[in-house]
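Each chain, written out:
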Amino acid sequence: MSPWEALALLLLLFSGVLVVTLKNAIHAALALIGNFLILAGLYVALEARFLGFIQIIVYAGAIVVLFLFVIMLLYAAQGEVGFDPLVRSRPLALLLSVGVALVLLSGLWGLNLAFTKDLQGGLPQALGPLLYGDWLLVLLAVGFLLMAATVVAVALVQPPRPLDALSPEERKEEKEVVR
Amino acid sequence: MNPYPLDPYWMVALKAFLVVVGLLTAFAFMTLIERRLLARFQIRLGPNRVGPLGLFQPIADAIKSIFKEDLVVERADKVLFVLAPLIGVVFALLAFGAIPFGPPGSFFGYQPWVLNLDLGLLYLFAVSEMAIYGIFLAGWASGSKYSLLGSLRSSASLISYELGLGIALLSPVLLVGSLNLNDIVNWQKEHGWLALYAFPAFLIYGIAALAEAARTPFDLPEAEQELVGGYHTEYSSIKWALFQMTEYIHFITASALIPTLFLGGWTMPFLEVPYLWMFLKIAFFLFLFIWIRATWFRLRYDQLLRFGWGFLFPVALVWFLVTALVVALDLPRSYLLYLSLAAFLVLLGAVMYSPKPARKGGGA
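As a starting point, this report considers the structure included with it. (Residues numbered from 1 in each chain as written. Chains lettered and ligands numbered in written order. Predicted model: local features only at pLDDT ≥ 70, side-chain atom pairs only at ≥ 80, totals over all residues. Heavy atoms only, no water.)

**Examining the interface of chain B and chain A**
Here's step 1: Facing the 24 residues of chain B at the interface are 26 residues of chain A.
Here's step 2: Summing both partners gives a buried area of about 2,100 Å² for chain B against chain A, and 80% of it is carried by carbon and sulfur.
Here's step 3: On the chain B side of the contact with chain A, Leu-119, Tyr-133 and Trp-140 of chain B bury the most area, a combined 28% of that side's loss.
Here's step 4: Applying the counting rule to chain B against chain A returns one salt bridge.
Here's step 5: Residues Arg-49 of chain A and Asp-118 of chain B are paired through a salt bridge, measuring 2.8 Å at the closest nitrogen-oxygen approach. (Contact = heavy atoms within 4.5 Å. Buried area = accessible area lost by both parts, 1.4 Å probe. Salt bridge = Lys/Arg side-chain N within 4 Å of Asp/Glu carboxyl O.)

This is the structure:
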């Protein structure tokens, strides 16, 4: 392991720990941005340049902005959201996370990562034909999954019909339920 | 293999330094130029007291903003309050280095750009998305409701217009087949300007770039009448000046990117001079944007978002699909020229068409 790799690993672990331990939700989201940026740098260093930039644009850019929107709209007045719903669960969480890390590592163990195709340093000109050729079905399946998840999320938060759109009998029932 | 030779590191560092110094100087004098021009548009004189023609006004402003009292609100998040303007300025400065100003080797034998990335456009996107955090954090860290509202709505509008911006850029990228800014400029040198091939994309990019730079039809971040001052309500002295700096740098970068992407960059069909045309094009767009500011009104917040999502986004998508169709079926690219011309005529018609305002309700 070269010193740079060790540094990247340490920074990733440190920012990841910050994300879960910081009490202030905004600070945690900022640590998450830092984590994503380091990860993007790692991708670029590993010659996966397209992936690196997409990591910044999609994750560090768009997704964390959405997080921040939600946090600011919910807890704008007080930054602190630190109440602990599961008291004294830290040892258990530690055990679980180490277990997950071990499972993932064991999955990597016998994997042959030598890749036969020339990806030209991970440029989109090389990735495009691969994604939309050999892996087209996988790509479509992932896209379908994401769309299904979005539809479900929208359906879940759909409010019951607004009160003024209900007939008088229905409105009475609705009020009963509210009571 | 690489047609664009690499510079030694000390040269890259020197050029980066030059770009930063140049941008900061340009910012200082753009404030003066904008105020003078606005004054001309409104038939007044503008700042002309400090030095000849008011040329020392930026220096006076700089001294004033450095020595004014720097207030930090009691309820503010102290670290983020300081960090936010810095994030904004840094990411605004980062974008400019990717823009080429001439052919390889025209900067005293070195390259007239700081960065030449294969993924130049994606780099610009990444940087401009990160710059939004400056505004976002400034509003939250101020610990004030006005600031928070201002930052939420300006970052919402920035994100909305980022979509239109990105999709408008897809059709030039499809035609050129590369995300490298040098490749895009060279393609235009051979085939003609991209604005001719993708007029709607050019128009959408221009509008969205105005919104990204928070210029007047879209300058909601600082709608004084509605929000006191927007996300920088609680900022004073040099930190406030840093936000001004961020905005002007975005403005200059946008005026440099539009010609690079759509109007041939540093090239010109006649009289090849490396730097001249680029600077002239930048100056033209700077003037155009100031002109727009002097003549146009500000959109209301819901109108702004509806325009972004309901008009720019679908039109950009449709134009992207048309370009994709032409490229995928390998039709002659000149079809796009005719389609662009048709789009231009439609725009002209829409500008000329002014129906009588219908009277609503009765009376009088």
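Next, the rest of the story.
**Describing helix 8 (residues 199-212) of chain B**
One turn of the α-helix equals 3.6 residues, which is why residues spaced by three or four share an orientation.
All names here are of chain B.
Here's step 1: With 14 residues, helix 8 should reach 20 Å at 1.5 Å per residue; the first-to-last C-alpha distance of 20 Å fits that figure.
Here's step 2: Of all 14 residues that make up helix 8, twelve are buried, and the element is covered over most of its length.
Here's step 3: Regarding helix 8, the residues found buried are Phe-199, Pro-200, Ala-201, Phe-202, Ile-204, Tyr-205, Gly-206, Ala-208, Ala-209, Leu-210, Ala-211 and Glu-212.
Here's step 4: Next to the buried residues of helix 8 lie helix 5 (145-176), helix 7 (194-197), helix 10 (237-262), helix 11 (276-295), helix 12 (301-328) and helix 13 (334-352).
Here's step 5: In the stretch just after helix 8, Ala-214 is the one whose phi turns positive, near 55°. (Helix = DSSP H or I, 4+ residues; strand = E, 2+ residues; numbered from the N terminus. Expected span 1.5 Å × (residues − 1). Buried < 20%, exposed > 50% of the residue type's maximum accessible area, 1.4 Å probe, protein only.)

**A word on the side chain of Ser-160 of chain B**
All names here are of chain B.
Here's step 1: Note that Ser-160 resides in helix 5.
Here's step 2: Of the residues examined, Ser-160 reaches a relative accessible area of 6% and is grouped as buried.
Here's step 3: One polar contact links Ser-160 to Trp-309, side chain to side chain, over a distance of 3.0 Å.
Here's step 4: When residues no more than four places from it in sequence are discounted, the contact partners of Ser-160 are Leu-305 and Trp-309. (Polar contact = N/O pair within 3.5 Å; in protein donor to acceptor, adjacent residues only side chain to side chain.)

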